[in-house]
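Overview (structure and organization)
Take a look at the letters that make up each chain.
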Amino acid sequence: MPPAPGDREARRDDVSRAVWDVLADKGFGGLTLRAVAAAMGVSTGMLMHYFPTKRALIAHALDLLEKRTAERPRRERPAEGLATVRAMLLDILPLTPGDTARNRIWVSSWDLALADDGLATDQAGRYTRLRSTLSPHFEAARGLGEVPETADPEQLAATAVAFTHGLVVQALFDPGRFPEDVQIAMLDGFLASFAPPRPARR
């Protein structure tokens, strides 16, 4: 028997917590209805009232991961331009145990998203939203003379996201080579490369 509407809503938070616990422990590779049911101490039949298919479970997990990522503590935005870009990109990097765990979950989701057109479209949308949050700050940086006047803020945002996520992957696979201080230094060097060329001395 499916749960009553009131009970269903009351248990949704319990379900989401169980999904998150499984993700944190096993990643998307270990995310199954059986694993979530075991984490809740319920039957898979009960859980199927919430997720009738494995795909529905994965879609919920991705939405939950995006929500948890959006709600995480963030650094203050110190000033307009590249200073804010730097703070936003530092928030993405795996610099703390919590950030590392969250990035591991994100990376473990990519294989599933690439194999499903709908999930791939959703993931592309997430990257589009991320780039759109960075673009205005690159535009401000252009106005401040921190990047060349001819620079395209949207292209700079795309480049920054590509660099940052590449660094995330390297840091996850080789944390000894890419500890916190190295990641920060590499990000600072990357942002410094956007500076306009200095006028030639006469």
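For the structure, check the block above.
Residues numbered from 1 in each chain as written. Predicted model: local features only at pLDDT ≥ 70, side-chain atom pairs only at ≥ 80, totals over all residues. Heavy atoms only, no water.

This brings us to the overall build of the chain. When its secondary structure is counted, the chain shows 9 helices and 0 strands. Start at the N end of the chain and walk to the C end: the helices and strands fall as α-α-α-α-α-α-α-α-α. Taking the principal axes of its C-alpha atoms as reference, the chain extends roughly 85 × 35 × 30 Å. Across the 202 residues of the chain, 38% fall into the buried class. Considering only contacts within the chain whose residues lie at least 6 apart along the sequence, 64% involve residues at least 24 apart. (Helix = DSSP H or I, 4+ residues; strand = E, 2+ residues; numbered from the N terminus. Buried < 20%, exposed > 50% of the residue type's maximum accessible area, 1.4 Å probe, protein only. Contact = heavy atoms within 4.5 Å.)

This part is about the environment of Thr159. Within the element layout of this structure, Thr159 appears in helix H8 (residues 153–173). Note on Thr159: relative accessible area 32%, which makes it partly exposed. As a C-alpha pair, Thr159 and Arg17 span 142 residues in sequence and 34 Å in three-dimensional space.

Time to look at the pattern of salt bridges. Scanning the entire structure with this criterion turns up 9 salt bridges. Ionic pairing is found between Asp91 and Arg77, a salt bridge with its closest N-O pair at 3.3 Å. Separated by 14 residues along the polypeptide, Asp91 in the loop between helix H5 (82–90) and helix H6 (97–114) and Arg77 in the loop between helix H4 (54–71) and H5 bring together distant segments of the chain. The exposure class assigned to Asp91 is buried, which follows from its relative accessible area of 4%. The structure contains a network of salt bridges with shared partners spanning Asp63, Glu66, Arg126 and Arg129. (Salt bridge = Lys/Arg side-chain N within 4 Å of Asp/Glu carboxyl O.)

With that settled, consider the packing of aromatic side chains. One pass over the structure, following the stated rule, counts 3 aromatic pairs. Between Phe138 and Phe194 the ring centres are 5.7 Å apart and the planes differ by 90 degrees, which places this aromatic pair in the edge-to-face class. Placement of the pair is Phe138 in helix H7 (residues 117–143) and Phe194 in the segment after helix H9 (180–192), with a sequence separation of 56 residues. Phe138 sits in the buried class, given a relative accessible area of 0%. Residue Phe194 is classed as buried on the basis of its relative accessible area, which comes to 10%. Here the aromatic rings of Phe163 and Phe190 are separated by 4.1 Å at their centres, their planes lie at 0 degrees, and the arrangement is stacked. (Phe/Tyr/Trp six-rings, centres within 6.5 Å; stacked < 30°, edge-to-face > 60°.)

An α-helix turns once per 3.6 residues; consequently, residues spaced three or four apart project the same way. The element H5 is largely enclosed, with a buried count of 7 among its 9 residues. Taken residue by residue, H5 has Leu82, Thr84, Val85, Ala87, Met88, Leu89 and Leu90 as its buried positions. Next to the buried residues of H5 lie H7, H8 and H9.

Take the side chain of Thr69 next. Turning to its location among the elements, Thr69 is positioned in helix H4. Thr69 sits in the buried class, given a relative accessible area of 16%. Engagement of the side chain of Thr69 in a polar contact is seen with the backbone oxygen of Leu65, the distance being 2.8 Å. Discounting residues that sit within four places of it in the chain, Thr69 has contacts with Arg74, Arg102 and Trp106. (Polar contact = N/O pair within 3.5 Å; in protein donor to acceptor, adjacent residues only side chain to side chain.)

A few words now on the nonpolar core. In a soluble, globular protein the nonpolar side chains are often hidden away together inside. In terms of nonpolar packing, the biggest core is built from 27 residues, with Val19, Leu23, Phe28, Leu31, Val36, Leu47 and Phe51 touching the most fellow members. Sorting the residues of this core by element identifies helix H1 (5–26), helix H2 (33–40), helix H3 (44–47), H4 and H6 as the ones contributing at least two each. Among residues more than four places away in sequence, those in contact with Leu31 are Val19, Val22, Leu23, Val36, Lys54, Leu57, Ile58 and Ala61. One finds Leu156, Phe178, Leu191 and Phe194 within the second-largest nonpolar core, a separate group that totals 26 residues. (Core = buried A, V, L, I, M, F, W, Y, C linked by side-chain atoms within 4.5 Å.)

Let us now look at the environment of Val85. Along the chain, Val85 turns up in helix H5. Among the residues examined, Val85 registers a relative accessible area of 0% and is labelled buried. Remark: the alpha-carbon pair of Val85 and Ala70, spanning 15 residues in sequence, is separated by 16 Å. With near-sequence residues (within four places) excluded, Val85 lies in contact with Leu134, His137, Phe138 and Leu191.

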